[in-house]
Amino acid sequence: MDDMEKGFTEVMSRDHAMIEACLASAFSAERRHANLQEAMEYSLLAGGKRIRPVLTLETCRLCGGDPEAALPFACAVEMVHTYSLIHDDLPAMDNDDLRRGRLTNHRVYGEATAILAGDALLTAAFEQLTKAKLPADRIVKAAECLSKAAGSAGMVGGQALDMAGESRTLSLEELELLQSLKTGALISAAAVLGCIAAGGSVKQLELVSAYAQALGRAFQVRDDMLDVTSSKEELGKSVGSDRVNGKSTFVTALGLEGCAALVEELTRQAVEAISGFDSPGFHIWLAEQMACRNK
């Protein structure tokens, strides 16, 4: 590992520590419904790559802001992401038993509590936005950004398309739309929130958006590849479930070689977009790391 890569790894570790501390303290004062809060924390504090909140913090830094000021925005994104995982795993959705190396939320707490835990995390995310010590107009912009990314025009809309597409073959265009909403919208929002927190310019916002959209697409294509090539032990979740549920994926549409070429091209697009900044090293490194990840 060279000095530059070591430096970026240290950035990830530092950001992880900030994020974990913030998430761990998010509900410490609330014990009115202990079982519900336990279920929320069971999934929220289960670890994971934390790519989205790290992207928020480091994009804030990239745009000239203070990452600590963006921490509530970062944690809000992770709360929305965690809620989506809890709900995606439910019997009515993907019916999965394993997430991040342990039993899914509904397998531990029951389906009703899992639904409520997801609902509560989604709601808490917007409360978290208001805790940022930033100008009010930036908080309003952040709420608009996150609500669009999480709702029917974003992640939830993508999940609806995903469910509607079961047991039929989707075209590549349909698949790209589905994944741009289901996965890409929240990854894109994570980066945009960092730019908003920093008070970034219109030009910075354009570059960040282009980068994050390409990164999000590459992330999902790589995810589809790992669902075929990896193992339950490596990923910490069930593999092959898309095939079992009859879902179309980038692998079914393009094959593994085609997917690998697409990940390479999307990563190139992400790097090209973010290179419009003076010091894009971390974002370039992150895109390259995501392109070759094994879990």
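Summary of the structure given here. (Residues numbered from 1 in each chain as written. Predicted model: local features only at pLDDT ≥ 70, side-chain atom pairs only at ≥ 80, totals over all residues. Heavy atoms only, no water.)

1. A word on the nonpolar core
Where a protein is soluble and globular, its nonpolar side chains tend to be buried together.
Part 1 of the argument: Counting residues in each nonpolar core, the largest one holds 78 residues, and the members touching the most others are F73, M79 and Y211.
Part 2 of the argument: With twelve residues, the single largest contributor to this core is helix α9 (residues 172–198).
Part 3 of the argument: Every residue in contact with M79, bar those within four places of it in the chain, is listed here: L23, A26, F27, L44, L121, A124, A125 and Q128.
Part 4 of the argument: L170, L178, A218 and C259 belong to the second-largest nonpolar core, a separate cluster that totals twelve residues. (Core = buried A, V, L, I, M, F, W, Y, C linked by side-chain atoms within 4.5 Å. Buried < 20%, exposed > 50% of the residue type's maximum accessible area, 1.4 Å probe, protein only. Helix = DSSP H or I, 4+ residues; strand = E, 2+ residues; numbered from the N terminus. Contact = heavy atoms within 4.5 Å.)

2. Some thoughts on the packing of helix α3 (residues 51–62) against helix α14 (residues 281–291)
Part 1 of the argument: Taken N-terminus to C-terminus, the directions of α3 and α14 make an angle of 155°; their axes are 10 Å apart at the nearest point. Judged by the angle between their axes, α3 and α14 are roughly antiparallel. The way α3 lies across α14 gives a crossing that is left-handed. Seen from α3, the contacting residues are I51, V54, L55, E58, T59 and L62; seen from α14, they are F282, H283, L286 and M290.
Part 2 of the argument: Tallied by class, the residues present in the contact of α3 with α14 amount to seven nonpolar, two polar and one charged. (Axes fitted to C-alpha atoms, helices over the stretch in contact; angles between N-to-C directions. Parallel < 35°, antiparallel > 145°, perpendicular 65-115°, else oblique. Left-handed = near helix turned anticlockwise from the far one by under 90°. Nonpolar A, V, L, I, M, F, W, Y, C, P; charged D, E, K, R; others polar.)

3. Here we look at the packing of aromatic side chains
Part 1 of the argument: Enumeration over the complete set of coordinates arrives at four aromatic pairs.
Part 2 of the argument: Judged by centre distance (6.0 Å) and plane angle (80°), the ring pair of F8 and F282 falls under edge-to-face. Of this pair, F8 sits in helix α1 (residues 3–24) while F282 is found in helix α14, placing the two residues 274 residues apart along the sequence. An identical accessibility class is assigned to F8 and F282; each is buried.
Part 3 of the argument: Aromatic side chains F282 and W285 sit 5.6 Å apart centroid to centroid with 45° between the ring planes, which places their arrangement in the tilted category. Taken as a pair, F282 and W285 lie in helix α14 at a separation of three residues, close to a single helical turn. Of the two residues, F282 and W285, both sit in the buried class.
Part 4 of the argument: An aromatic cluster is defined as three or more aromatic residues linked by ring pairs; in this entry it consists of F8, F282 and W285.
Part 5 of the argument: Geometry around Y42 places R102 over its ring, the cationic atom sitting 3.9 Å from the centre. (Phe/Tyr/Trp six-rings, centres within 6.5 Å; stacked < 30°, edge-to-face > 60°. Lys NZ or Arg CZ within 6 Å of the ring centre and 35° of its normal.)

4. Some thoughts on the pattern of salt bridges
Part 1 of the argument: One pass over the structure, following the stated rule, counts 15 salt bridges.
Part 2 of the argument: For E144, the salt bridge identified is with K148, shortest N-O distance 3.4 Å. A residue pair is termed a helical-turn pair when its members lie 3 or 4 positions apart in one helix, as E144 and K148 do in helix α7 (residues 136–150) at four residues.
Part 3 of the argument: Look at E144 and you get partly exposed, because its relative accessible area is 45%.
Part 4 of the argument: Overall, K148 belongs to the exposed group, its relative accessible area being 52%.
Part 5 of the argument: The shortest N-O distance in the salt bridge between E272 and R268 comes to 2.8 Å. On the criterion of helical spacing, the pair formed by E272 and R268 is a turn pair, its members being four residues apart in helix α13 (residues 250–274).
Part 6 of the argument: Here the residues in one salt-bridge network are R14, D15, E58 and R61, joined through shared partners. (Salt bridge = Lys/Arg side-chain N within 4 Å of Asp/Glu carboxyl O.)

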